[in-house]
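Close look at the chain arrangement
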Amino acid sequence: MTLSEGQIGQFYFVKELKLEHTAKQRLEALGLIDGTKVELLNQNHNGAIVFKVRGTRLAIGKKIADAIFVEEVA
């Protein structure tokens, strides 16, 4: 499942980032690496996704969220 398919308020583990090198490096620098726990906070009507990672709120576009693969925390 991708981050954009997630449910608001749920926690997920990042499995894989299928992004171009530059975007992937930027997100990894912000702490979004494989195995990181994220919480989905909001999905705006314009496609923006807001989530929390390592205590920081991040907002990304739908295209990027579609390339972040996650699995639900059990």
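One can find the structure itself at the top, above this paragraph.
A brief report on the enclosed structure follows. (Residues numbered from 1 in each chain as written. Predicted model: local features only at pLDDT ≥ 70, side-chain atom pairs only at ≥ 80, totals over all residues. Heavy atoms only, no water.)

1. Thoughts on the packing of aromatic side chains
If you walk through the whole model with that rule in mind, you get 0 aromatic pairs. Above the plane of the ring of Phe 69 lies Lys 18, whose end atom (NZ or CZ) is 4.9 Å from the centre. Here the guanidinium or amino end of Lys 37 rests over the ring plane of Phe 11, the centre of that ring lying 4.9 Å away. (Phe/Tyr/Trp six-rings, centres within 6.5 Å; stacked < 30°, edge-to-face > 60°. Lys NZ or Arg CZ within 6 Å of the ring centre and 35° of its normal.)

2. Details of the side chain of Glu 39
Along the chain, Glu 39 turns up in strand S2 (residues 37-43). Residue contacts for Glu 39: discarding those within four places in its chain leaves Gly 9, Gln 10, Phe 11, Val 50, Phe 51 and Lys 52. (Helix = DSSP H or I, 4+ residues; strand = E, 2+ residues; numbered from the N terminus. Contact = heavy atoms within 4.5 Å.)

3. Focus on the side chain of Ser 4
Assignment of secondary structure puts Ser 4 in the segment before strand S1 (11-17). One polar contact links Ser 4 to Asp 66, side chain to side chain, over a distance of 2.3 Å. Residue contacts for Ser 4: discarding those within four places in its chain leaves Gln 43, Ile 49, Lys 62, Ala 65 and Asp 66. (Polar contact = N/O pair within 3.5 Å; in protein donor to acceptor, adjacent residues only side chain to side chain.)

4. Considering the nonpolar core
With 18 residues, the main nonpolar core has Leu 3, Leu 32, Val 38, Ile 49, Phe 51, Ile 60 and Ile 68 as its most contacted residues. Of all the elements in the fold, those that place two or more residues in this core are S1, S2, strand S3 (49-53), strand S4 (56-60) and strand S5 (68-72). The residues contacting Ile 60, other than those within four sequence positions of it, are Leu 3, Leu 27, Gly 47, Ala 48, Ile 49, Phe 51, Ala 65 and Ile 68. (Core = buried A, V, L, I, M, F, W, Y, C linked by side-chain atoms within 4.5 Å. Buried < 20%, exposed > 50% of the residue type's maximum accessible area, 1.4 Å probe, protein only.)

5. Side note on the sheet that holds S5
Taken in spatial order, the 5 strands of this open sheet run S4-S3-S2-S1-S5, and their pairing is antiparallel. The open sheet has two free edges, formed respectively by S4 and S5, since each of these has just one partner strand. Sheet twist, expressed as the mean angle between neighbouring strand axes with direction ignored, is 45°. (Pairing = 2+ DSSP bridges. Axes fitted to C-alpha atoms, helices over the stretch in contact; angles between N-to-C directions.)

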